[in-house]
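Residues per chain, in single letters:
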Amino acid sequence: EPEVTQTPSHQVTQMGQEVILRCVPISNHLYFYWYRQILGQKVEFLVSFYNNEISEKSEIFDDQFSVERPDGSNFTLKIRSTKLEDSAMYFCASRGDRGNQPQHFGDGTRLSIL
Amino acid sequence: GESVGLHLPTLSVQEGDNSIINCAYSNSASDYFIWYKQESGKGPQFIIDIRSNMDKRQGQRVTVLLNKTVKHLSLQIAATQPGDSAVYFCADRTPAGGGADGLTFGKGTHLIIQP
């Protein structure tokens, strides 16, 4: 069964550094998403992306965050200047384009800011 | 504030029994609901979904019930197995057009299966 894959599984970064989290969505999907989950808390929506542009973003997704689809298979989340509170699991998701399709999630990248 | 939440943080059931996990949502404009299962160290795994024009939907060993009058969603798991142990999240979507369909998740219920 097709999967959303994310790399790396764990990223450790110094505060203030830039970090890029990578995702390969399911190949025939057209809608892409990033979510985060702080340890022990619920999953929170960050951003949705369709047709090469952001379609929706949450309050969490401020100017420090950006997303990109650099080629036909990858979808990235960049945090420009990381803060301690950015430490969390970051999940990528994708879905197909037919009506109500469920979002399928990757297994996440654990981001640890030191 | 949260638009989706769960009533219980932990639910413990005997193996072979049926489980019912409940969820309340607050946005009456939500038109699509999903249940996810999250095992330790993994991402949310899709279980079952339901549109707002339906009251009930069944899958393999799972049933989702939607009561729009009281804005309540439940997940029923029949004959629970050890592999059902996980945290279960409900999520909803409020349509906003233009491809905007970020999900709002509840806090999760940890389902524990007792042998």
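Described below are features of the structure shown in this document. (Residues numbered from 1 in each chain as written. Chains lettered and ligands numbered in written order. Predicted model: local features only at pLDDT ≥ 70, side-chain atom pairs only at ≥ 80, totals over all residues. Heavy atoms only, no water.)

What follows covers the overall build of chain A. Secondary structure summary: chain A contains 0 helices and 11 strands in total. In summary, chain A has a C-alpha radius of gyration of 13 Å against a globular reference of 13 Å for 114 residues, a match within 12%. Along the first, second and third principal axes, the C-alpha set of chain A runs to 40 × 25 × 25 Å. Taken across its 114 residues, chain A has 46% of its residues classed as buried. Sequence separation of 24 or more characterises 53% of the internal contacts of chain A that already satisfy a separation of 6 or more. (Helix = DSSP H or I, 4+ residues; strand = E, 2+ residues; numbered from the N terminus. Rg over C-alpha atoms; globule rule 2.2 N^0.38 Å. Buried < 20%, exposed > 50% of the residue type's maximum accessible area, 1.4 Å probe, protein only. Contact = heavy atoms within 4.5 Å.)

Another aspect to go through is the overall build of chain B. Each helix and strand in chain B was counted, giving 0 helices and 11 strands. Helices and strands appear in chain B in the N-to-C order β-β-β-β-β-β-β-β-β-β-β. When the 115 residues of chain B are sorted by exposure, 44% land in the buried category. The contacts in chain B between residues at least 6 apart in sequence include a share of 54% that link residues at least 24 apart. For chain B, the exposed area adds up to about 5,500 Å²; of that, 47% sits on carbon and sulfur atoms. (Areas by Shrake-Rupley, 256 points an atom, 1.4 Å probe, with all protein chains shown as cover.)

All names here are of chain A. Within the secondary structure, Thr82 is located in the loop between strand S8 (75-79) and strand S9 (88-95). A distance of 3.2 Å separates a polar side-chain atom of Thr82 from the backbone oxygen of Gln14. Polar contacts involving the side chain of Thr82 include one to the main-chain carbonyl oxygen of Gln17, which spans 2.9 Å. Each residue touching Thr82, except ones within four places of it in the same chain, is listed here: Thr13, Gln14, Met15, Gly16, Gln17, Val19 and Ile113. (Polar contact = N/O pair within 3.5 Å; in protein donor to acceptor, adjacent residues only side chain to side chain.)

The next thing to look at is the state of the cysteines. Residue and element names in this part refer to chain B. Scanning the model with the defined rule gives 2 disulfides over all chains in all. With a sulfur-sulfur separation of 1.8 Å, Cys23 is cross-linked through a disulfide to Cys90. Residues Cys23 and Cys90 are joined by a disulfide whose S-S torsion is about 55°; by sign, that bridge is right-handed. One end of the pair, Cys23, is in strand S3 (residues 19-25); the other, Cys90, is in strand S9 (residues 86-93), and 67 residues separate them in sequence. The residues Cys23 and Cys90 share a single accessibility class, namely buried. (Disulfide = S-S within 2.5 Å.)

For the rest of this paragraph, the subject is the sheet that holds strand S1 (residues 5-7) of chain A. All names here are of chain A. Spatially, S1-S3-S8-S7 is the arrangement adopted by the 4 strands of the open sheet, whose pairing is antiparallel. Where the open sheet ends on each side, the last strands, each with one partner, are S1 and strand S7 (65-68). For this sheet, the mean inter-axis angle between neighbouring strands, taken without regard to orientation, is 20°. Pairing geometry for strand S3 (residues 19-24) and S8, over 5 bridges, is antiparallel. For Ile20, the partnering residue across the bridge sits in S8 and is Lys78. (Pairing = 2+ DSSP bridges. Axes fitted to C-alpha atoms, helices over the stretch in contact; angles between N-to-C directions.)

Before going further, it helps to spend a moment on the interface of chain B and chain A. Listed per partner, the contact involves 23 residues of chain B and 20 residues of chain A. Both faces combined, the contact of chain B with chain A buries some 1,800 Å², and carbon together with sulfur accounts for 52% of it. Of all residues in chain B, the largest losses of buried area upon contact with chain A belong to Pro44(B), Asp101(B) and Phe105(B), amounting jointly to 25% of the total for that side. Our enumeration of links across chain B and chain A arrives at 2 salt bridges. Taken together, the connections running from chain B to chain A amount to 9 residue pairs in polar contact (both at pLDDT 80 or more). If you list the elements that add at least two residues to the side of chain B that touches chain A, you get strand S4 (32-38), strand S5 (45-51), S9 and strand S10 (103-105) of chain B. (Buried area = accessible area lost by both parts, 1.4 Å probe. Salt bridge = Lys/Arg side-chain N within 4 Å of Asp/Glu carboxyl O.)

Right, let's talk about the pattern of salt bridges for a bit. Under the criterion given, the structure shown has 8 salt bridges over all chains. Salt-bridge contacts for Glu39(B) lead to Lys37(B); the nearest nitrogen and oxygen are separated by 4.0 Å.

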